[in-house]
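So you can see what is in the structure, the chains are spelled out below.
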Protein chains: 2
Amino acid sequence: MNAVDAFPNAEIIAVGSEMLTPSKVDTNSLWLTESLNALGVEVVRKTIVGDDRERLVETIRAAFGPGKIILLTGGLGPTEDDVTRDAAAAALGRTLVFSDDILTWLRERFARFGREMAVINERQAYVIEGAEILMNERGTAPGQWIDHEQMHIALLPGPPNELKPMFARDIVPRLEARLRKTFIRALFYRVAGMGESDLDQLIAPVYTKYTNPVTTILASAGDIQIHLRARCDSPEEADALLHEVGRKIEALLGDRIYSRDGSPLEVIVGRMLRDRQATVAVAESCTGGMLGQRITSVPGSSDYFAGGFLAYTYAMKTALLGVDPEMLAKHTAVSDPVARAMADGARERTGATYAISVTGVAGPDGGTEETPVGTTFIGLAGPNGTDARRFRLVGDRARNRTFAVQTALDLLRRRMIF
Amino acid sequence: MNAVDAFPNAEIIAVGSEMLTPSKVDTNSLWLTESLNALGVEVVRKTIVGDDRERLVETIRAAFGPGKIILLTGGLGPTEDDVTRDAAAAALGRTLVFSDDILTWLRERFARFGREMAVINERQAYVIEGAEILMNERGTAPGQWIDHEQMHIALLPGPPNELKPMFARDIVPRLEARLRKTFIRALFYRVAGMGESDLDQLIAPVYTKYTNPVTTILASAGDIQIHLRARCDSPEEADALLHEVGRKIEALLGDRIYSRDGSPLEVIVGRMLRDRQATVAVAESCTGGMLGQRITSVPGSSDYFAGGFLAYTYAMKTALLGVDPEMLAKHTAVSDPVARAMADGARERTGATYAISVTGVAGPDGGTEETPVGTTFIGLAGPNGTDARRFRLVGDRARNRTFAVQTALDLLRRRMIF
């Protein structure tokens with residue numbers, strides 16, 4: 001039903017009850033996804049299943065389909081818990097056969113390390129009827145490769161240091177020999193200054209017309225990522241398709257696109273400051289350091305970060321930034337004039353080219369009728385003067401702070417464009 | 001065939017093509033696993049599937065089984081890509097019905113924030129026939145709960161800040177009402193000031209003797225969490241077991257345990273400051289605002305956060321904090337005397353009870369033979385004087401900064417204990 005299905009696609013099945021605990025991340029599947037993508041293969045489903053033979057048989061069968069590449073990782077050890085060999089054989093309707101070659105290899109391997117081979121290791125000498133055996137240079141679990149009807153199935157060891165060399169040496173060439181050559185090209189935009197549904201409404205009329213490239217949209221507080229991925233028989237074709245769709249999206253989004261190489265906003269802003277030999281200071285109230293932290297998360301940011309003030313209270317706004325106490329009393333701290341005065345104070349005291357201020361009600365408490373929770377003012381002082389903008393954020397405390405920081409960085413970016 | 005199957009078990013299905021990229025980790029499923037385990041529910045399979053309706057229908061059907069708990073996360077947004085509602089309805093053989101209640105709620109939600117509702121958001125008002133609607137306080141995607149034959153199925157939003165409160169409020173009580181009564185009691189310690197392997201070596205002789213309670217140790221930069229979970233037929237039995245093991249662990253760890261209720265260090269330190277009617281200021285160099293950000297992430301922190309200085313350069317250490325330029329020239333910024341001078345400067349300028357300073361080489365560049373990357377000094381000024389401590393951190397830039405902030409907060413905590 002989906003254009004992608006015309007291309008080769010893969011499923012990854014990780015086996016092992018230990019992979020189902022709250023702290024365990026299946027990093028193998030991330031690495032395998034990257035390697036498969038590089039071959040032009042999409043991963044369409046990833047499953048983690050415990051050491052349960054029946055459930056694994058059923059999971060493998062669910063992955064069956066014409067042209068499918070199915071990679072199983074783990075469960076090839078010598079113990080009762082290691083059910084992958086057995087389950088894969090059952091799913092394929094084949095038998096397990098004992099391999100004298102593997103047994104000889106295992107015995108030699110143990111002998112070479114001066115160790116006695118335990119009897120249970122003999123379980124590792126069973127292979128699926130008709131499988132090609134993939135030797136394991138780093139461990140005792142051989143891998144297996146099976147071409148079955150129109151599918152390709154690999155059984156791979158779980159430890160990353162065994163899996164990765166085996167994949168590179170034995171799986172990559174087998175896949176290349178079996179796959180139609182396709183080329184994948186990608187475009188990647190990051191966008192600030194608009195919400196996900198507004199963005200989608202704006203660009204959906206463009207991208208929904210195309211099943212190739214595939215468009216994916218990802219949003220977090222104040223930051224949206226757009227991925228376009230084209231897959232064609234030649235790189236020229238893929239580039240042409242991407243260019244066609246990308247041009248239309250860029251025309252709609254304009255300077256709301258801040259990054260085309262995946263770099264986050266703090267890196268882009270840092271690069272712009274460095275190019276202009278400019279510096280920036282911060283004056284933070286409700287974000288309490290989060291803005292400075294974002295700017296200085298970039299190595300080398302001391303080239304352009306001039307310093308900052310965490311002025312959380314009225315008294316500190318006056319003492320650290322010179323904000324007039326009468327202004328605070330009259331307008332409150334969450335106001336346009338105070339945001340400007342904070343930015344001006346930070347710029348003067350640090351001698352920076354630009355200064356950004358953030359003052360707002362992050363919540364959950366502290367809102368009033370006039371300045372409800374989420375009200376945030378961002379001030380920006382620079383060589384061409386000072387201004388401030390009011391925003392109304394709608395998340396919880398953490399999200400409001402993150403959004404305010406993203407918006408503050410974006411305002412500085414826009415100021416530098418013009 | 002498996003003992004685990006005697007207990008209620010769950011499958012987690014994460015939906016979204018972006019979850020199948022090489023860099024994306026499904027952290028929701030880790031959190032859900034922990035939460036389900038706490039209810040005595042085992043997770044037997046986790047699946048990640050792209051925005052493909054047919055494949056999702058098939059994945060949901062594969063999870064069916066008597067007593068099964070099936071949690072779907074993601075794919076509830078307003079766009080064409082969001083296929084979870086539709087696929088779950090198809091898998092269950094039910095229809096989707098339009099809910100005027102949700103539409104009204106969505107309209108009110110948008111109106112409350114002064115925004116226009118996009119037409120595509122109406123898609124979010126479709127619910128599976130017979131489902132209970134779970135309101136979403138943090139976003140526009142309502143969740144759904146369906147009791148179907150002997151199974152329990154929940155559709156939950158993907159963003160963690162929407163998923164977690166909905167799970168706690170709507171899913172936990174529904175599961176508790178449907179599960180066989182076993183009693184689970186938990187103890188939870190958070191520990192600062194030691195590494196994971198040191199801690200494990202210290203307490204493993206205690207906890208490895210017990211299979212009930214189950215002990216889990218989770219470590220992140222400078223912060224270790226220890227969970228003990230006892231599952232028994234009566235709460236008294238579970239409490240007695242926990243008490244027996246907990247007492248031994250507490251004796252070994254002493255005041256390195258900073259929290260017994262799960263509160264993070266910034267909350268504990270904030271509580272201690274408030275109790276003592278004391279305040280704290282920060283002077284940050286390499287952490288660039290991260291320490292202030294942690295302290296002010298706690299609602300109400302304006303009661304005790306006096307303000308701070310982001311003094312990233314030599315010039316700013318002098319201008320903002322009054323650090324003697326000769327001292328900087330002689331000792332460099334990453335030194336004991338400068339850490340003390342920064343803390344003293346921040347304390348004087350803010351009038352705070354305590355001031356913490358952080359100055360270090362976060363990396364990747366900037367290291368020298370005498371002060372290699374990772375060298376960090378933390379200064380602490382208070383009513384009983386000023387001191388500084390040297391640390392050698394061994395992570396990357398982000399981890400070193402996080403570790404420095406955690407250590408700084410812990411030093412303040414210890415100062416306040418004595």
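Reading the values: rules and limits
- Residues numbered from 1 in each chain as written.
- Chains lettered and ligands numbered in written order.
- Predicted model: local features only at pLDDT ≥ 70, side-chain atom pairs only at ≥ 80, totals over all residues.
- Heavy atoms only, no water.
- Domains from an automatic or database assignment.
- Buried area = accessible area lost by both parts, 1.4 Å probe.
- Salt bridge = Lys/Arg side-chain N within 4 Å of Asp/Glu carboxyl O.
- Nonpolar A, V, L, I, M, F, W, Y, C, P; charged D, E, K, R; others polar.
- Helix = DSSP H or I, 4+ residues; strand = E, 2+ residues; numbered from the N terminus.
- Buried < 20%, exposed > 50% of the residue type's maximum accessible area, 1.4 Å probe, protein only.
- Axes fitted to C-alpha atoms, helices over the stretch in contact; angles between N-to-C directions.
- Parallel < 35°, antiparallel > 145°, perpendicular 65-115°, else oblique.
- Left-handed = near helix turned anticlockwise from the far one by under 90°.
- Contact = heavy atoms within 4.5 Å.
- Polar contact = N/O pair within 3.5 Å; in protein donor to acceptor, adjacent residues only side chain to side chain.
- Pairing = 2+ DSSP bridges.
- pLDDT = per-residue confidence, 0-100.
- Phe/Tyr/Trp six-rings, centres within 6.5 Å; stacked < 30°, edge-to-face > 60°.

Caption draft 1: Representation of the domain arrangement of chain A in the model. Residue and element names in this part refer to chain A. Each assigned domain of chain A is listed here: domain 1 (3-178), domain 2 (183-259) and domain 3 (265-417). Counting the surface lost from both domain 2 and domain 3, the interface buries some 820 Å², and carbon and sulfur atoms represent 56% of this. Contact with domain 3 buries surface across domain 2, with Ala221, Asp255 and Tyr258 losing the most and accounting together for 63% of the total. Between the two partners, domain 2 and domain 3, sit one salt bridge. Residue Arg414 pairs with Asp255 through a salt bridge whose shortest N-O separation is 3.4 Å. Here the side of domain 2 that touches domain 3 is composed, by residue class, of four nonpolar, three polar and three charged.

Caption draft 2: Quick peek at the pattern of salt bridges. Evaluation of the coordinates by the stated rule reveals 50 salt bridges over all chains. The partner of Asp410(A) in a salt bridge is Arg414(A), with the nearest N and O atoms 2.9 Å apart. Here the residue Asp410(A) and the residue Arg414(A) both occupy positions in helix H13 (residues 397-417), the gap between them amounting to four residues, near one helical turn. On the basis of relative accessibility, which here comes to 4%, the residue Asp410(A) falls in the buried class. One salt-bridge network, held together by shared partners, links Glu132(B), Glu137(B), Arg169(B), Asp170(B) and Arg174(B).

Caption draft 3: Main features of the packing of helix H6 (residues 196-207) of chain B against helix H7 (residues 235-253) of chain B. Residue and element names in this part refer to chain B. The interhelical angle for the contact between H6 and H7, taken along N-to-C directions, is 150 degrees, at an axis separation of 10 Å. The orientation of H6 with respect to H7, classified from their angle, is roughly antiparallel. Considering how the two elements wind past one another, H6 and H7 form a crossing that is right-handed. Each of Leu199, Leu202, Ile203 and Val206 in H6 lies in contact with H7, whose residues at this interface are Val245, Lys248, Ile249, Leu252 and Leu253.

Caption draft 4: Structural context of the interface of chain B and chain A. Contact residues are listed per partner, giving 72 residues for chain B and 71 residues for chain A. The junction of chain B with chain A conceals about 5700 Å² of combined surface from both sides, 58% of it contributed by carbon and sulfur atoms. Across the pair Arg45(A) and Glu58(B) runs a salt bridge, and its minimum N-O distance is 2.7 Å. Applying the counting rule to chain B against chain A returns 21 residue pairs in polar contact (both at pLDDT 80 or more).

Caption draft 5: Fine view of the sheet that holds strand S2 (residues 42-49) of chain A. Strand order across the open sheet formed by twelve strands is S6(A)-S7(A)-S8(A)-S3(A)-S1(A)-S2(A)-S2(B)-S1(B)-S3(B)-S8(B)-S7(B)-S6(B), with mixed pairing between neighbours. The sheet terminates laterally at strand S6 (132-134) of chain A together with strand S6 (132-134) of chain B, the two strands that pair on one side only. The sheet shows a mean angle of 15 degrees between the axes of neighbouring strands, taken without regard to direction. In this sheet, strand S7 (residues 143-148) of chain B lies alongside S6(B) in antiparallel orientation, the contact comprising three bridges. Across the sheet, Glu132(B) pairs through a bridge with Trp145(B), a residue of S7(B). Contacting strand S1 (9-15), strand S3 (69-73), S7 and strand S8 (151-156) of chain B, helix H3 (residues 84-92) of chain B runs over the sheet at an angle of about 165 degrees to S8(B).

Caption draft 6: Geometry of the confidence of the model for chain A. Residues and elements named next belong to chain A. Residues at a pLDDT of 70 or more form 98% of chain A, whose mean pLDDT is 91. In this model, residues 1-5 is a region of pLDDT below 50 whose contacts with residues beyond four sequence positions or in other chains number ten contacts. Our summary of model confidence lists the complex with pTM equal to 0.71 and ipTM equal to 0.70.

Caption draft 7: View of the sheet that holds strand S11 (residues 223-232) of chain A. Residues and elements named next belong to chain A. Read across the open sheet, the four strands follow the order S10-S11-S9-S12; overall the sheet is antiparallel. The sheet is open, and its two edges are formed by strand S10 (214-220) and strand S12 (257-259), each paired on a single side. For this sheet, the mean inter-axis angle between neighbouring strands, taken without regard to orientation, is 30 degrees. Strand direction decides the pairing type here: strand S9 (residues 183-192) and S11, joined by ten bridges, are antiparallel. Its bridge partner being in S11, Val191 is matched across the sheet by Ile224.

Caption draft 8: The packing of aromatic side chains, seen in detail. Applying the stated rule across the entire model yields six aromatic pairs over all chains. Where Trp31(A) meets Phe167(A), the ring centres are 5.7 Å apart and the plane angle is 75 degrees; that geometry is what we call edge-to-face. Taken together, the residues Trp31(A) in helix H1 (residues 27-38) and Phe167(A) in helix H5 (residues 160-178) connect sequence positions 136 residues apart. Looking at Phe167(A), the relative accessible area reads 1%, which means it is buried. Between the aromatic rings of Tyr312(A) and Phe305(B), the centroid separation amounts to 5.5 Å while the plane-to-plane angle is 80 degrees, which identifies the pairing as edge-to-face. Pair noted here: Tyr312(A) is in the loop between strand S14 (305-310) and helix H10 (314-321) and Phe305(B) is in strand S14 (residues 305-310), and the two residues belong to different chains. Take Tyr312(A): its relative accessible area is 12%, and that puts it in the buried class.

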